Each structure stands twice: as structure tokens, then as C-alpha cells.
Number of protein chains: 2
Amino acid sequence: MKDIDIAQQATLKPIQHIADKLGLPDDALHPFGCHKAKVDLTYLKTLEHKSDGKLVLVTGITPTPAGEGKTTTTVGLTDALNRLGHATSACLREPSLGPCFGMKGGAAGGGYAQVVPMEDINLHFTGDFHAISTAHNLLSALIDNHIHWGNELEFDQRRIVWRRVMDMNDRALRQITCALGGPNNGFPRQDGFDITVASEVMAIFCLARDIKDLEHRLGNIVVGYRRDNTPITAKQLNAPGPMSVLLKEALAPNLVQTLEHNPAFVHGGPFANIAHGCNSVIATRTALKLSDYVVTEAGFGADLGAEKFIDIKCRSAGLSPDVAVIVATVRALKMHGGVAKEALDTENIEAVRAGCDNLVRHIDNMKQFGVPVLVAINQFVTDSEAELAVIREISESSGVRAELCSHWSDGGAGTEALALQVLELTQSETSTSCHALYDNSESLWDKVRTLATRLYGAADITADQKIRNHLTMLEETGYGNLPVCIAKTQYSFSTDPTLKGAPSGHTIPIREVHLSAGAGFVVVVCGDIMTMPGLPRDPAANRIRLNDQGNVEGLF
Amino acid sequence: MKDIDIAQQATLKPIQHIADKLGLPDDALHPFGCHKAKVDLTYLKTLEHKSDGKLVLVTGITPTPAGEGKTTTTVGLTDALNRLGHATSACLREPSLGPCFGMKGGAAGGGYAQVVPMEDINLHFTGDFHAISTAHNLLSALIDNHIHWGNELEFDQRRIVWRRVMDMNDRALRQITCALGGPNNGFPRQDGFDITVASEVMAIFCLARDIKDLEHRLGNIVVGYRRDNTPITAKQLNAPGPMSVLLKEALAPNLVQTLEHNPAFVHGGPFANIAHGCNSVIATRTALKLSDYVVTEAGFGADLGAEKFIDIKCRSAGLSPDVAVIVATVRALKMHGGVAKEALDTENIEAVRAGCDNLVRHIDNMKQFGVPVLVAINQFVTDSEAELAVIREISESSGVRAELCSHWSDGGAGTEALALQVLELTQSETSTSCHALYDNSESLWDKVRTLATRLYGAADITADQKIRNHLTMLEETGYGNLPVCIAKTQYSFSTDPTLKGAPSGHTIPIREVHLSAGAGFVVVVCGDIMTMPGLPRDPAANRIRLNDQGNVEGLF
């Protein structure tokens, strides 16, 4: 059965019922239809005195085309903890609308571990991404408008770094020239569109503590430079005011439910490459105030996702995960062990063993952050007992328990073993020692080098003089104290996406550096990063439609 | 007191309370927060057997910078009819978000004749315009993607007529070149963005009877042509399926309330120049099923707005207005009589008398449609008794009653006199004879000529041979039976915006012709029409912000 069929056949509870589980009063809930709601930001202020629940981070091995299942594990573990009597909420990113019409399909879990209503969540949901696109593009319009009317701030039109955005896979917008057609249309210049999830406004939205912090961060955005390379900020264009007005409603966290009617906060969704790849701080903090346990997910593998979760999100928000769950599958580990996608159905114990190098690297990495670790083996019907045993054995020799999870087919019941381990670890003393991997006072270069050598197994990092000068310039202009946000392929510890397993001794080359002064990090690009996807030859759009009953088909 | 202050100080009723007035069951309502809701489309199907209420069209004299107040009159008349014991709903267009940050301010009425919550309605509201932008831009992406992967349909890349859209005043996007940057980004070509309200998807959305009709119309959109000038449709790109999925939720009409807690359907908002400028057919039909009276508004003056309302919307939807109210102000008539904006505060009876030429032309025009007419004088404190008397006298010599309205300061109580006249006219026999001004079987040229000579007072229409060929080509390819949608300046009966009053004997030149095959009309452009506004030197965005209490300021 397809994910969408399971989701459509589910009987959802009214969202008020989910809110009741959290102890939310009626007037703290802004319903969007019957099964979605936003939690009032004013109400959230009243929770400040409450103590936080435990925070469980779900991360993964290096992703492969076989798929790992971080989102399903997050949902399954949430349901399992609830089954065991612990009030638990999930915190997830909102999916991007654009990729739904390309290859990716939906991003709200799968099988019997989904958040619902899945069509709504995958499409417009509560409009947050539209609000973010609009706020972003208002700033773009204000830049060109300012230049059109006299350019008082003295923008160097060759040095405008604020592109436009659209929540669509549209390769034709990657590079454009705008303002053509004569004096009434402004000064022609090169520009381009990123997909909305790549917007710095999205990253800011997800890191902001409240509306005031949001406005402050928006003001810090550097949109371009003068001829003398001095930066011009959004604040100088009076943009933070109207942008905050556009984002005000969106900033309230969204509440939906899992298929087992447990609370799920689905809010914000920044890219995991040029941004930090986690749901909003506001949603996580809300969930922690309202639940005993919060299970959340970080993008990509642990080297990128969990690292940014801890070094960027947690450091900025004062959060700390109590346990990290690394999701692995037999199939993905086989691919890391050298097996082609076509041969994954055949038992291959040695390939699993070889592929576990990748898992062990991630385990060791997470230990460097001081977080207790568990391995979740997301089970497939093709997995053999012997293959599963190898993963357990290797995990245990790294001092970590590996638990079999079957939430995809069994829902929360299939993840109870993992949930019991989570309970045991979070009730032990070791679970409060999480720390960032580097100090923000280090140089930008040293921060990148620390990540490359300690997490990626690299021997060193390199960069052209131009990049080194850029880093120096950023430090001289007061941005040296920001954490770094590495944008590199998610498919390898190296910058070569074909290098699976646990490569070491390689070099990480820095290709570009971008300042995200509003979000509060310096993006360090190591490799080719796509910020506006395209549609494939036969896009999913070809099959997405309403059937005669008016239900959505083809969104999977 | 500013409009926003009045709106923010109002105590709104829960939207369920408004729904109760309409007899809507709870499960027919999809709430968006506490004060907005969508009415379920499935429920609307169950109303088919019910008889319709009376339909009141609010239109206006030729607009001037003095402002006329069609929206406030629509709201005031709705409240007045309710005060007199008649269950009445208002039907209005949704405001466009983009212009809120430019000069225009909000568009949800004013004073004590507003629909609320005004900030929500003016900003993202229930996300309809975002859904329309997304559906439109998905079609754009599918076009360029199709060409990128081989161009099987043989698009002539010089003849793509489907531009992109954004709900933003952004002049820099009017003309662009896209798909630059090499083979991965597609084939470079000229393109541009219109504001969302100018999208044909918006016009289709507002004319569709239901989701099936919507999908059918979307399929008919002509997006470009081959080298041999044969058209390529959205259907050939498989676009109607995913576009309908994106528009499904938006298509349900939005319910809000007036300041006096009466129902207002605010849904859809196509441009009144390159489209027909009325709220959605679905909203109007819903309101007619649920109310005894429905008061609705058409864009611009009666020559454009009321004409399109009757010739395009009503003809397509099988609707018929029972009475038309022409809104005029002393100040605007003075401007038509030759007075400059600065001198409007001074009494000038002769200028009012001269300006009434404009009013009389509109009265006579509306009579040609067979609709009973009333004049609403939207009162200002600077109006003198003598000036008001002139309007009454001239209206009466045209056989029409003119009633003084003070809804702006007094709410519905200020418009009861007008409401009594509406009741009288709609209960007479004459009120069911409305008809279109031309037959769709006439040639496109004759249709335009009929409007120009019978409504605009023109002697004739002209066009270059190229335009005449285009019209012939449209007739030969089967589009000759469509109604015409005139895009010309709203500030004059002529194509010269400075020619006020009631000019006659002029010539209307056709500059361009566009096919809107999905919406079902041929746009005939007579003059310069802007489909992407810009921001002014000092945009409203400079003053829009959240104050310390978290409320919106500067949106007026």
C-alpha cells in the first residue's frame, strides 16, 4: 500500500483532541481546518517557567539511494514512547512544496509512521513557506526599488548578494538578468532565484526565539556591498518591519498528529546544506515545554545534520539533546560496503560488515559531542538475521546498543524496543554532557578544519587565496565569531559523492564562502551545491491529480 | 481615526457565529484561526436545489484620485439591509498583497464600513493568492522543463506567451531573460513576471463553477505556439492535474464578517483591466444560496467593471443582477467637472453639475443592460447641501433615485435610505430583465465596437493590420465566440486618462490582443496597461511594522 493510501484511509482526530493531550487551552489554538493548528505565540510566553522535557535527536548514517528512514523513525519513536506512557511530541521540518512535483514525493514519513494530513503538510500546509517567500521577495523588491529611485545607500549593482526565491523546482530561474526594458523597469543586472528552503529568511525563521529576535535578525541580513566593499543591511532598507509583519502568523508553530494521534510539531524547513537543516527553535522549545519527551530530526547524515543541530541550533537556542539515535538500514550499509542498488535484495554479510565503517564513524563522531548514542536499525523485509546480527555486534563493540525497528509496517509498536533504550539512557547521569565541537572564538578557518579533521576524517582543508582573503575580511568586519555552516555533499564524508563508507586522509577544499549574518553563521561551500533544483524528464507532476472523488492522487 | 485603528478596536464575533447566521452546519466550515473560514465545497453541492437570493451590484462613476468608495458602499449596504431585517451577505474581491507595501494601503473597506480581520484579509488571508501563484508558476516550470528535455511539443521559444507571476510590486521582474548559465539551466529566452492578480489562473479561479470546471479551463490555457503558429495548451503538458491539486483548498470560498458582524464572502481578485475584476463565481453563488440579498462589487467604473460583470461573469455563470448601484461622490464629480484635487474642499455647484455628465453616461449605460439603477452618494463632510441637491436633481431627471450614504462614519445606519430603495426596486417586476450588451456570436471586432460606441461614447475603433490579422486568426482557430475583455484606462471613457467627464466622438485604438482561452475571453488592450506595478520612492513598507504590543502598524 502506498503512503498516501495509508494516510488517506486513516481516521484523524480533531486537532483539539491532540491539543488536549498537550494541555493546551482552546484559546491557545488557531485552527487551520479540522486537523491543523497553530499554537498562539502569546500563550507560549506563559510557559517560560515550566521545565523542559527530554530531547531526543534522530540522525542517520551517510545517506544512500537506498534510503534510511529518519523521518519514519522519528514518528515511530514518538508513537512508541507514547505507547509506553510517556507524553511525547515529534518535531519535524515542513516539506518544501517544489520537490513534490519533481522526483521526491512527500516528506511526512511513510508507511504506518507518518504525520497527517499528509497532502496538506506536503502542499501549502499553513502557508508558512509562502510567507517566507513573500518576505524574502519583498526585500528583493526593496533593493531594486531603492536603486531605481536614486541609490542613496550606494549599492554596487555588481555586488548584490540577495537573490530572489520561489518554492518551485525551476531551473530556468537559476540565472536571470532582471530589470530589462528601459528606465521604467530599473537598472538591468544579473540575478537569480533559489528555492524557498534555501532562503536566509528560512534559516532566520528557524533560529529566532521570538518575533523581536526575528526582526532583529532580519535587520542584520547583508544584502549587498558598496564599491568599497562595505556591507549594506536589510535594516538600512527599513525591511525588517514589513518582513516581520509578513512572518508574524507563520512564526507560530504548527501542530498536527501522527497516525497514532500523538502530537507532532511541523514547523520550518531550512536546507541542510547552505543552512542548518532543522525545524524551528520555537517549535522545539514549545514541544519541550508541553511534553516529557521530544523526538526531533536533523537533515542528512550525522556529520552534517547532527553537527549543525548541536553547533548551530542548540548553541544558539540554549538546547541540548539528551540522546542521539543514528538510523541505519541493512540496505544502506550494504551500499556503503560496495553493493550496487540492484543487488541489495541478496544477503551479503561481508558488505554489511564493510559498510558498518560508515556507521562506526558516525557513532564515534556523536560521542565527540558528549551525547549518549543509540543505533536504530530500520528493518526491511529483505534483511536477513545474520545481516542484522552484524550491525548489532559492531554497534556493541563501539559501546552502543542497536535496536531493530519496524515502525514502517507496525507503527509505534515496532519501535518500543528502541523507546525502552531511550528511556534508560535519558534517565542515566551521562545524558547532560552535550557540548559544541568548537568554540566560536576560534578563527573561521580553524572551525572548518576542526569539523573536517575530527568528523569527516579529512587530513586537512584547502582554499584559494581569494577564499582565504574573504575569510579574513569577514573576521575583520566582525563576523569571525559566527559558527560555520558547511555546505558539502551529503553522500560522503569527503567532497566526492561517490566515495562511500568512511574515507579518511582526504582534503576538503573550500570553494566559496557566504555570509548569513541574519541567521548568524558563515556558509562554507565545499563542492557543488544546488540551491534551485530542476524537474526531471518525467516529473511527478505528470501523475499528480484529483480523482473523481476529489482526492489527491500521485503524491507519494 | 485610521481604518486600521477602527478595525483593531472592533470586537469580532467567532466565525462560527457568522456561519450560524447563514445556517451553515459546523462541519461545512473549515476555520482559519478564529475569524476566518472556508466553506466546504462538498457542502455547497447540497445547496443546488435552493433558490437564489437577490443580487445587488455596486459599481461606480469613472474613478478619480478623489476616491469613490465602492467597497465601503458594498459593506455599508450589506449592513443596512441586515439592519432592516433582510439576511444579506457581501461578496468582495480579495486584496492583492503586493500593493499593500506600495501606495495603495489596504482594500477591505474603510471607516465603519470594513470587513475584518483587515490585516489578515490584506496580507496572506487564507493563502488563496499564494496557491494561485504556485499553480501558475508550476505551469511555467513545466514549460521550460519540457523544452529542456527535448521539446517534444515543438514550442517556438520566441512564442511562449505564459509569463511567470509574483504577488509583489516588483518592477525589476517585468522583463527578464531566464535560463542563463549553460546547458544545465535550459534554453535562454525572454520572459517576465506579472503580479498574481493579473494571472489567467486568477481569472479562471474566479469563473470556475466547481473543481472539474476549473481543471477543464486550466487545460484550455494556451501557453505558447509552434513555428507554424498552432497553439500549445496546458493540457498537453499534463498541467491541469497538479494545478488543480494546488488550487483545491483555495477554491472553497472564504467567510469573514463586516464590522457589524454580517457575513462577507471575500474570494478571488482578478485584475479589472486584463481580466474581469469580480470576486469568484463560487463565492457569489454560495452567498446567493445562503442569503436573501447579496451585495457585490465590480472593479473600476461601470463602463469596465459592471460591463464585464454582466457580459463575462454573469453570462458565464448564469447570474443576473437585480439592481445596480452607481457610487458617486461630490468630490469626484467636481474633478470630472474640471476642479483640481487641491480645490475640492470649496463648494462648486457648477463643477458638480458639469461632472454629472459622467454620472449620467453611466446611468444610461446601465439602463442599456436592462438593470434597474440607483445612485449612492457617498457623503464627505465637505459636501454642501446645494452640491448634493444637484446630484439628486440630475439623477432624477435620468429617472433614477440618488440616496445619501454615510456608512464611512455611521456604518450600516448611514445607508438605510439606499437599502430601502434597493428593497423597493428588487421587489418590482422590472428587476429581472438584465441581458448582455452583445451576442457572443458577433465577430470580435463588432463586439469591441459595440462596447466602444454604446458605452464609451466613441465614434469608432481602429487597429493596425497586424491586430486585425490577429483577430481573424483567433476567429479561424475557434476562439471567435468568446466574449471580449477590454483593458483600457479606468480613468476615462476614452483611452486618454486625462479626459474626464463624458467625452464622445473619440476613437478607441486596439493596441494588442491576448487570448485567455482558459478564462474564456479575448483580452483587447486599448492603451498602456501595467501588469506588474512598481513601488514608489517612499513605499508604505517604510512604515509597516509590528509595534511593541505585536500589532500591525502602517497598513491603512
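So, how was this worked out
Residues numbered from 1 in each chain as written. Chains lettered and ligands numbered in written order. Predicted model: local features only at pLDDT ≥ 70, side-chain atom pairs only at ≥ 80, totals over all residues. Heavy atoms only, no water. Helix = DSSP H or I, 4+ residues; strand = E, 2+ residues; numbered from the N terminus. Rg over C-alpha atoms; globule rule 2.2 N^0.38 Å. Buried < 20%, exposed > 50% of the residue type's maximum accessible area, 1.4 Å probe, protein only. Contact = heavy atoms within 4.5 Å. Areas by Shrake-Rupley, 256 points an atom, 1.4 Å probe, with all protein chains shown as cover. Polar contact = N/O pair within 3.5 Å; in protein donor to acceptor, adjacent residues only side chain to side chain. Domains from an automatic or database assignment. Buried area = accessible area lost by both parts, 1.4 Å probe. Salt bridge = Lys/Arg side-chain N within 4 Å of Asp/Glu carboxyl O. Nonpolar A, V, L, I, M, F, W, Y, C, P; charged D, E, K, R; others polar. Phe/Tyr/Trp six-rings, centres within 6.5 Å; stacked < 30°, edge-to-face > 60°. Pairing = 2+ DSSP bridges. Axes fitted to C-alpha atoms, helices over the stretch in contact; angles between N-to-C directions. Expected span 1.5 Å × (residues − 1). Least-squares fit on C-alpha atoms with pLDDT ≥ 70 in both. UniProt positions renumbered as here; feature names shortened; annotations may be inferred. Parallel < 35°, antiparallel > 145°, perpendicular 65-115°, else oblique. Left-handed = near helix turned anticlockwise from the far one by under 90°.

Thoughts on the overall build of chain A
When you go through chain A residue by residue, the secondary structure sums to 18 helices and 25 strands. Its C-alpha atoms give chain A a radius of gyration of 23 Å, near enough to 24 Å, the size a compact globule of 556 residues would have. By its C-alpha atoms, chain A is 70 × 55 × 50 Å across when sized along the principal axes. Going through the 556 residues of chain A one by one, you find that 65% of them count as buried. Considering only residue pairs separated by 6 or more positions, chain A has 74% of its internal contacts joining residues 24 or more positions apart. Carbon and sulfur atoms make up 49% of the accessible area of chain A, which amounts to about 18800 Å² in all.

Regarding helix 9 (residues 240-247) of chain A
With eight of eight residues buried, helix 9 of chain A is to be regarded as a mostly interior element. If you follow the buried residues of helix 9 of chain A, they end up packed against helix 6 (128-148), helix 7 (200-207) and helix 8 (211-220) of chain A together with strand 24 (545-546) and strand 25 (552-553) of chain B.

Quick word on the side chain of Ser-280 of chain A
Checked against the element boundaries, Ser-280 of chain A lands in the loop between strand 14 (263-266) and helix 10 (281-290). Of note is the side chain of Ser-280 of chain A, whose polar atom sits 2.9 Å from the backbone nitrogen of Ala-283 of chain A.

What about the domain arrangement of chain A?
All names here are of chain A. As assigned here, chain A comprises domain 1 (3-126 + 250-426), domain 2 (128-243) and domain 3 (444-526). Each of domain 2 and domain 3 was reduced to a C-alpha centroid, and the two centroids are 25 Å apart. Between domain 2 and domain 3, the contact holds nine residues from the first and eight residues from the second. Summed over both sides, the interface of domain 2 with domain 3 buries roughly 690 Å², with 58% coming from carbon and sulfur. Contact with domain 3 buries area across many residues of domain 2, yet Glu-200, Val-222 and Tyr-225 alone supply 46% of it, more than any other trio. On the surface where domain 2 and domain 3 come into contact, there are zero salt bridges. Joining domain 2 to domain 3, the criterion identifies four residue pairs in polar contact (both at pLDDT 80 or more). Secondary structure elements with two or more residues in the side of domain 2 that touches domain 3: helix 7, helix 8 and strand 11 (222-225).

Focus on the interface of chain B and chain A
Every contact between the two is made by 65 residues of chain B and, on the other side, 65 residues of chain A. For the pair chain B and chain A, the two sides together bury roughly 5600 Å², of which 63% comes from carbon and sulfur. Inspection of the region where chain B meets chain A yields six salt bridges. Across the pair Lys-212 of chain B and Asp-548 of chain A runs a salt bridge, and its minimum N-O distance is 3.7 Å. Between the two partners, chain B and chain A, sit 27 residue pairs in polar contact (both at pLDDT 80 or more). Of all the secondary structure elements, the ones that give two or more residues to the side of chain B that touches chain A are strand 1 (29-32), helix 6 (128-148), strand 7 (164-166), strand 8 (176-178), helix 8 (211-220), helix 9 (240-247) and strand 24 of chain B. When its residues are assigned to classes, the side of chain B that touches chain A shows 32 nonpolar, 20 polar and 13 charged.

Topic: the packing of aromatic side chains
Enumeration according to the criterion identifies two aromatic pairs over all chains in this entry. A centroid spacing of 5.5 Å and a plane angle of 5° characterise the contact between Phe-193 of chain A and Phe-193 of chain B, whose relative ring orientation is stacked. Of this pair, Phe-193 of chain A sits in strand 10 (residues 193-195) while Phe-193 of chain B sits in strand 10 (residues 193-195), each in a different chain. Each member of the pair Phe-193 of chain A and Phe-193 of chain B is classed as buried.

Remarks on the environment of Thr-415 of chain A
Residue and element names in this part refer to chain A. With respect to the element layout, Thr-415 can be found in the loop between helix 15 (407-410) and helix 16 (416-426). Using a relative accessible area of 0% as the deciding quantity, one classes Thr-415 as buried. Separated by 138 residues in the primary sequence, Thr-415 and Glu-553 have C-alpha atoms spaced 29 Å apart. In contact with Thr-415, not counting residues within four places along its chain, are Gly-76, Leu-77, Ala-80, Cys-405, Ser-406 and His-407.

Brief notes about the sheet that holds strand 20 (residues 484-488) of chain A
Think of a sheet as strands paired side by side through backbone hydrogen bonds, with each pair either parallel or antiparallel. All names here are of chain A. Reading across from one edge, 20-23-22 is the order of the three strands in this open sheet, with mixed pairing throughout. Of all the strands in the sheet, just strand 20 and strand 22 (512-516) have a single pairing partner and so form its edges. Between one strand and the next, the sheet's axes are offset by a mean angle of 25°, whatever the strand orientation. Relative to strand 23 (residues 521-526), strand 22 runs antiparallel, the two sharing five bridges. Each bridged residue has a counterpart across the sheet, and for His-514 the counterpart in strand 23 is Val-523. Strand contacts of helix 17 (residues 444-454): strand 20 and strand 23, with the helix running at about 55° to strand 20, the strand carrying the most contacts.

Things to note about unusual backbone geometry
All names here are of chain A. Here the residue pair Val-116 and Pro-117 is connected by a cis peptide bond, since its omega of 5° sits within 30 degrees of zero. Mapped onto the elements of the fold, Pro-117 is located in the loop between strand 6 (113-116) and helix 5 (118-122). Within the chain, Phe-125 stands out as a residue other than glycine whose phi angle is a positive 50°. Positionally, Phe-125 belongs in the loop between helix 5 and helix 6. Accessibility expressed as a relative area gives 6% for Phe-125, which makes it buried.

Let's talk about helix 11 (residues 302-317) of chain A
Residue and element names in this part refer to chain A. Here helix 11 spans only 19 Å end to end across 16 residues, well under the 22 Å set by a 1.5 Å rise per residue. Taken across its 16 residues, helix 11 has 14 buried, putting it largely inside the fold. Positive backbone phi, at 70°, marks Gly-318, one or two positions downstream of helix 11.

As for the sheet that holds strand 22 (residues 512-516) of chain B
Residues and elements named next belong to chain B. Sheet architecture is open: three strands sit in the order 20-23-22, paired in mixed fashion. On the outer flanks of this sheet lie strand 20 (484-488) and strand 22, each paired with one strand and no other. Averaged over all adjacent pairs, the angle separating strand axes in this sheet is 25°, with direction ignored. Against the sheet, helix 18 (residues 465-476) engages strand 22 and strand 23 (521-526), with an angle of about 20° to strand 22.

Focus: the relation of the copies chain B and chain A
With an RMSD of 0.0 Å, the fit of chain B onto chain A corresponds to turning through 180° and sliding 0.0 Å along the axis. On this basis, the relationship between the two copies can be described by a two-fold rotation axis. When C-alpha positions in chain B are compared against the rotation axis, the closest is assigned to Phe-32 of chain B, at 2.2 Å. In this assembly the copies share their binding face: 100% of the residues contributing to the interface of chain B also contribute to that of chain A.

Here we look at the UniProt feature "binding site: ATP" (unreviewed entry) in chain A
Residues and elements named next belong to chain A. Mapped onto this numbering, the UniProt entry annotates "binding site: ATP" (unreviewed entry) at Thr-64, Pro-65, Ala-66, Gly-67, Glu-68, Gly-69, Lys-70 and Thr-71. As for its placement among the helices and strands, Glu-68 is situated in the loop between strand 3 (54-60) and helix 4 (70-83). When residues no more than four places from it in sequence are discounted, the contact partners of Glu-68 are Ile-61, Thr-62, Pro-63, Val-327, Thr-329, Ala-332 and Asn-378. Side-chain polar atoms of Glu-68 contact the backbone nitrogen of Thr-64, separated by 3.0 Å. Turning to its location among the elements, Gly-69 is positioned in the loop between strand 3 and helix 4. For Gly-69, a relative accessible area of 24% gives the class partly exposed. With sequence-adjacent residues up to four places away left out, Gly-69 is seen in contact with Val-327 and Asn-378.

A few points about the packing of helix 8 of chain B against helix 9 of chain B
All names here are of chain B. Two elements in contact, helix 8 and helix 9, have axes whose closest approach is 9 Å; the angle formed by their N-to-C orientations is 135°. Between helix 8 and helix 9, the angle falls in the class oblique. The chirality of how helix 8 crosses helix 9 is right-handed. Taking contact as the criterion, the partners of Ile-211, Leu-214, Glu-215, Leu-218 and Gly-219 in helix 8 are, on helix 9, Pro-240, Gly-241, Met-243, Ser-244 and Leu-247.

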